[in-house]
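Chain by chain, the residues:
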Amino acid sequence: MTTTLITGADGHVGRALATRLIDGDEGELLLLVRAGDEEEKQRKRDRLGALTGNPNCRILFADLRDPDAFAAVDGADVDTIFHCAARIDFNVDRASAVAVNVEGTARTLDFAARCGRLRRFALVSFI
C-alpha cells in the first residue's frame, strides 16, 4: 500500500490534489493541516469536505513552524510527499513568510530524508 503526505492539504492546490488522488485509489492520504485551536480545526475539517469521511484519509494537525511538526507522522510508511504548504497572502510579514516558506520547507525536506520508502517528493512553489 502507498502512503502519500500532503502538506497544506486544506489550501486550494492541496485540496484539489487530495481529491484527485483519493479518486484514483492512491492508497492512504495523510493530510497535514495547520490549525491553532479546536474551532479552527473544525473549520478546516469542513473545508476538506468529503475527504474527512474517507477511510483512506487521515487529517494531521501540525504547524510547519514547529520543530516537531512531523512528530505524528510515521516516516517509515510515507513513499510520496507533496509539499503544498505556504504563506502566499500579499500582506504577510517577512518573518512569517520565512518561517513557513523557507524554514517549513527545510523541515519538510529533513522529514523526507528520514522516510525509508520515499519514492517521490514534489514541491509546489508559489514564487
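Our subject is the structure listed above.
Residues numbered from 1 in each chain as written. Predicted model: local features only at pLDDT ≥ 70, side-chain atom pairs only at ≥ 80, totals over all residues. Heavy atoms only, no water.

Peer 1: Would you take a moment to explain helix α2 (residues 38-48) for this structure?
Peer 2: Quick reminder: α-helices carry 3.6 residues per turn. Residues three or four places apart thus point the same way. Taken together, the buried positions of α2 are occupied by E40, K44 and L48. With its buried residues spanning 80° around the axis, α2 presents them on a single face. Along α2, the residues that are exposed and aim more than 90 degrees away from the buried face are E38, E39 and D46. Capping the start of α2 is the job of one residue whose side-chain oxygen sits 3.2 Å from the backbone nitrogen of E39: D37. Looking one or two places after α2, you find G49, whose phi comes out positive at around 55°. (Buried < 20%, exposed > 50% of the residue type's maximum accessible area, 1.4 Å probe, protein only. Helix = DSSP H or I, 4+ residues; strand = E, 2+ residues; numbered from the N terminus. Arc of directions from axis to C-beta. Polar contact = N/O pair within 3.5 Å; in protein donor to acceptor, adjacent residues only side chain to side chain.)

Peer 1: Would you explain the side chain of D10 in this entry?
Peer 2: Looking at the element boundaries, D10 is found in the loop between β1 (3-7) and α1 (12-23). Side chain to side chain, D10 and K44 meet in a polar contact 3.0 Å long. Dropping the residues within four chain positions of it, D10 is found in contact with R15, V33, K44, R47 and L48. (Contact = heavy atoms within 4.5 Å.)

Peer 1: Would you take a moment to explain the pairing of strand β4 (residues 80-83) for this structure?
Peer 2: The side chains of a regular strand alternate between both faces of the sheet. Burial along β4 is two-sided: T80 and F82 and I81 and H83, pointing in opposite directions, are all buried. As judged from the 4 bridges shared by β1 and β4, these two strands associate in the parallel manner. By the bridge assignment, L5 is partnered in β4 with I81. Bridge analysis of β4 against strand β5 (residues 120-123) gives 4 bridges, and the strand direction is parallel. Counterpart to F82 in the pairing with β5 is A122. In this fold, the crossover linking β4 to β5 by way of helix α3 (residues 94-113) has right-handed handedness. (Pairing = 2+ DSSP bridges. Right-handed = clockwise from strand over helix to strand, strands pointing away.)

Peer 1: I keep staring at the pattern of salt bridges and nothing clicks. Help me out?
Peer 2: Any two side chains of opposite charge can pair, so long as their charged atoms come close to each other. Scanning all chains against the criterion turns up 9 salt bridges. Residues E40 and R34 are paired through a salt bridge, measuring 3.5 Å at the closest nitrogen-oxygen approach. On the accessibility criterion, R34 (36% relative accessible area) is partly exposed. Residue E38 is joined to K41 by a salt bridge in which the shortest nitrogen-to-oxygen separation is 3.4 Å. You can see E38 and its partner K41 sitting in helix α2, 3 residues apart, about one turn around the helix. A relative accessible area of 54% means that E38 is categorised as exposed. Salt bridges here are not isolated pairs; linked through shared partners, they connect D10, R34, E40 and K44. (Salt bridge = Lys/Arg side-chain N within 4 Å of Asp/Glu carboxyl O.)

Peer 1: How should the nonpolar core be read in this particular structure?
Peer 2: Side chains that are nonpolar tend, in soluble globular proteins, to be buried together. L5, L32, F70, V73, V78, I81 and F111 are the most contacted members of the largest nonpolar core, which has 15 residues in total. Going through the elements one at a time, β2 (28-33) and α3 are the ones with two or more residues in this core. The residues contacting L5, other than those within four sequence positions of it, are L30, L32, F70, V78, T80, I81, F82 and F111. Within the second largest apolar cluster, 14 residues are counted, among which are L17, V33, L48 and L51. (Core = buried A, V, L, I, M, F, W, Y, C linked by side-chain atoms within 4.5 Å.)

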